[in-house]
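Chains, contacts and geometry: an overview
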Amino acid sequence: MAVERTAVNPWPWSTELGFNQGEVVSGHTRTLYISGQTAMSEDGKPQHDGDMEAQLALSLANLEAVLDEAGMSLANLVRLNVYTTDVDLLFQHYDVLAARLGAAGAAPTSTMLGVTRLAVPTLMVELEGTAAA
């Protein structure tokens, strides 16, 4: 049975920003819960100190690597949580995330939270997701 996704949007403004208010997922056989991905190198070293755009790009690349390892892609994301130590600065570089999600045809449900700090003090953004296939 193929995965069927139905967007639930009582208002149009969220789709204009690239996310759905809700999503009904049925017919899936696998669910992937993805730990928070940050700007860490393959050997676990934090990268791009002070550079939000580069940290966001690497965090997204790391999220995609986990999806790929599970045989999925950004198109399979049904939930994306974004944690950042600077919401205003993140919004200045949000096009990095929006462009890659848009290119994949993905508009996962989403929450963005401003936090005091992440586990590694030099990191400014963390992406956590759920995917279904």
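Our subject is the structure listed above.
Report on the accompanying structure.

Rules used in this analysis
Residues numbered from 1 in each chain as written. Predicted model: local features only at pLDDT ≥ 70, side-chain atom pairs only at ≥ 80, totals over all residues. Heavy atoms only, no water. Helix = DSSP H or I, 4+ residues; strand = E, 2+ residues; numbered from the N terminus. Buried < 20%, exposed > 50% of the residue type's maximum accessible area, 1.4 Å probe, protein only. Contact = heavy atoms within 4.5 Å. Areas by Shrake-Rupley, 256 points an atom, 1.4 Å probe, with all protein chains shown as cover. Lys, Arg positive; Asp, Glu negative; His and termini not counted. Charge placed at Lys NZ, Arg CZ, Asp CG, Glu CD. Phe/Tyr/Trp six-rings, centres within 6.5 Å; stacked < 30°, edge-to-face > 60°. Expected span 1.5 Å × (residues − 1). Polar contact = N/O pair within 3.5 Å; in protein donor to acceptor, adjacent residues only side chain to side chain. Pairing = 2+ DSSP bridges. Axes fitted to C-alpha atoms, helices over the stretch in contact; angles between N-to-C directions. Arc of directions from axis to C-beta.

Some remarks on the overall build of the protein
- Looking only at helices and strands, the protein features four helices and six strands.
- Along the three orthogonal principal directions, the C-alpha set of the protein runs to about 45 × 35 × 25 Å.
- Split into buried and exposed, the 133 residues of the protein put 37% on the buried side.
- Sequence separation of at least 24 residues holds for 72% of the intrachain contacts in the protein that already meet a minimum separation of 6.
- Accessible surface computed for the protein: about 7,200 Å², of which carbon and sulfur atoms make up 53%.
- Separation of charge centres in the protein, based on 6 positive and 16 negative side chains, amounts to 7 Å.

Brief notes about the packing of aromatic side chains
- A full pass over the atoms with the stated rule returns one aromatic pair.
- Relative to Tyr-94, the ring of Phe-91 has its centre 5.8 Å away and its plane inclined at 55 degrees; by these criteria the two rings are tilted.

Topic: the environment of Leu-58
- Its location among the elements puts Leu-58 in helix α2 (residues 52–69).
- As for Leu-58 and Met-40, which are separated by 18 residues in sequence, their C-alpha atoms are 7.5 Å apart.
- Those residues in contact with Leu-58 that sit more than four places away from it in its chain are Thr-38, Ala-39, Met-40, Gln-47 and His-48.

Re α2
- Helix length check: α2, at 18 residues, gives a terminal C-alpha distance of 26 Å against a target of 26 Å (1.5 Å per residue), a fit within 8%.
- Among all positions of α2, only Met-52, Ala-54, Gln-55, Leu-56, Ser-59, Leu-60, Asn-62, Leu-63 and Leu-67 are buried.
- At its buried positions, α2 is contacted by β3 (31–37), β4 (77–84), α3 (87–92), α4 (95–103) and β6 (125–132).
- Near the N-terminus of α2, the side chain that reaches the backbone nitrogen of Glu-53, with its oxygen 3.3 Å away, is that of Asp-51.

Section: the sheet that holds β4
- Strand order in the open sheet formed by four strands is β3-β6-β4-β5, and the pairing between neighbours is mixed. Bordering the open sheet on either side are β3 and β5 (109–114), each of which pairs with just one other strand. This sheet shows a mean twist of 10 degrees between the axes of neighbouring strands, independent of strand direction.
- With six bridges connecting them, β4 and β5 associate as parallel partners. Paired with Arg-79 across the two strands is Thr-109, which belongs to β5.
- Sheet strands in contact with α2 are β3, β4 and β6, and its direction is about 25 degrees off that of β6.

Describing α4
- Among the residues making up α4, those that are buried are Val-96, Leu-97 and Leu-101. Down the axis, α4 shows its buried residues gathered within 120 degrees of arc, on one side only. The outward face of α4, more than 90 degrees from its buried face, is lined by the exposed residues Asp-95, Gly-102 and Ala-103.
- Tucked inside the fold, the buried residues of α4 contact α2 and β4.
- Once α4 ends, the next one or two residues include Gly-105, with phi positive near 70 degrees.

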